Amino acid sequence: MLFIFIPIFISALFLAFLIPGYQGFPIALELSLIPSLGIVFATLSFNVSNSTMYKNIKVSSNNRFNFNIAIYIFMLLTSILILFLFLFTLQIFAELKILETSWLSYDYSTFHFQFFNRAIWIPIISTIEISSILFAMSFFYTRLFQFEKGYFILLMIITILALIFGGGLNSVFWPATTSKFTYTYMNYQSDIFSSNMFPMSLAFPFYPSGQLSYVYSQFSQRDINNGFGQFVGDKAWENLRIIKWQNNSSSGDLANAWRWNTVLLLPVVWTTLFGLLGIIASHFKKTH
């Protein structure tokens, strides 16, 4: 339980003293989830694999399949628990007025935080994606190696990369509306920064999930004057449909619609890719 609560508390402090809530939420969420879920996987996979019980599990491939599915379900449930504990901690910090509303600023006369809102389904989806990708990556790693220290080094590298490519500091999408204000789509910010960061960010498996939670963090920091997300007028939130395939009829910026569609697809691609590589590696080891 300490390995769950400590990352949550440290991540919440991260938003109180280093990066404003709307900007750093994706990073803080990943810092809460990745180390904790990695420890959960290591505890269940490495420790159990060295036990007598696992020798019985290895009797049939069906038992091994059930064992891995059980680990995934446990990681998934743990990730949802971590998410809500994290949001609850942030809400307490917000009530204490110690979360940054801007860079090194605490302007609670203009802004307030409301993390339990109608957009809460967005971080839930983001959390499910993060836990699924991490499980698939961990599964692939353990099919190749049984080196526990190496696994924790991998977790450390992923966590460090999340600070840069996690979808907070490198966000290149903003909610926007069509001309008739009937649909909110994700508009790609075409500038020098995005042209360099976006292709590099796509190589980091947790970037798309960070982009989803970034939208939620904007919505959760309310402007007291209009009651909607910071930096974006209220029209952009009236028809919030972020998990939607952008096409000719939905996007106001058709030339860049494929970019957001790529972000939506990548979590499935990463999870499937690492999962298949793990299965292939497992069969290869059995035949050699």
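Throughout this description, residue numbers start from 1 for each chain and increase along the sequence as written. Only residues with pLDDT of at least 70 get local features here, since the model is predicted, and only at 80 or more are side-chain atom pairs given and counted; chain-wide, interface and lining totals rely on the full set of residues. Computation of side-chain values covers all heavy atoms of the structure but excludes hydrogens and water.

**Quick look at the nonpolar core**
Counting residues in hydrophobic clusters, the biggest one holds 69 residues, and the most contacted among them are Leu99, Phe173 and Phe206. Comment: elements are numbered from the N terminus, with helices defined as DSSP H or I runs of at least four residues and strands as E runs of at least two. If you tally residues by element for this core, the top one is helix α2 (residues 21-49), at 12 residues. Residues are treated as being in contact if the distance between any of their heavy atoms lies within 4.5 Å. For Leu99, the residues in contact, after removing those within four places along its chain, are Ala12, Leu15, Ala16, Leu90, Phe93, Ala94, Tyr106, Tyr108, Phe113 and Phe115. Residues belong to a common nonpolar core when they are buried Ala, Val, Leu, Ile, Met, Phe, Trp, Tyr or Cys residues joined through side-chain atoms within 4.5 Å. Any residue under 20% of the maximum accessible area for its type is buried, any over 50% is exposed, and the rest in between are partly exposed; the area is computed with a 1.4 Å probe on protein chains only.

**Brief notes about the confidence of the model for the protein**
Along the chain, pLDDT gives the predictor's confidence residue by residue, from 0 to 100. Per-residue confidence for the protein gives a mean pLDDT of 82; residues scoring 70 or more make up 82%. Within the protein, the lowest mean pLDDT, 57, falls on helix α3 (residues 52-57), and the highest, 93, falls on helix α5 (residues 121-144).

**What about the packing of aromatic side chains?**
When the centres of two rings from Phe, Tyr and Trp lie within 6.5 Å, Trp using its six-membered ring, the rings pair. Their planes under 30 degrees apart give stacked, over 60 give edge-to-face, and anything left gives tilted. For the structure on display, the rule yields 21 aromatic pairs. Judged by centre distance (6.1 Å) and plane angle (70 degrees), the ring pair of Phe41 and Phe135 falls under edge-to-face. Of this pair, Phe41 sits in helix α2 while Phe135 sits in helix α5, and the two are 94 residues apart along the sequence. Of the residues examined, Phe41 reaches a relative accessible area of 1% and is grouped as buried.

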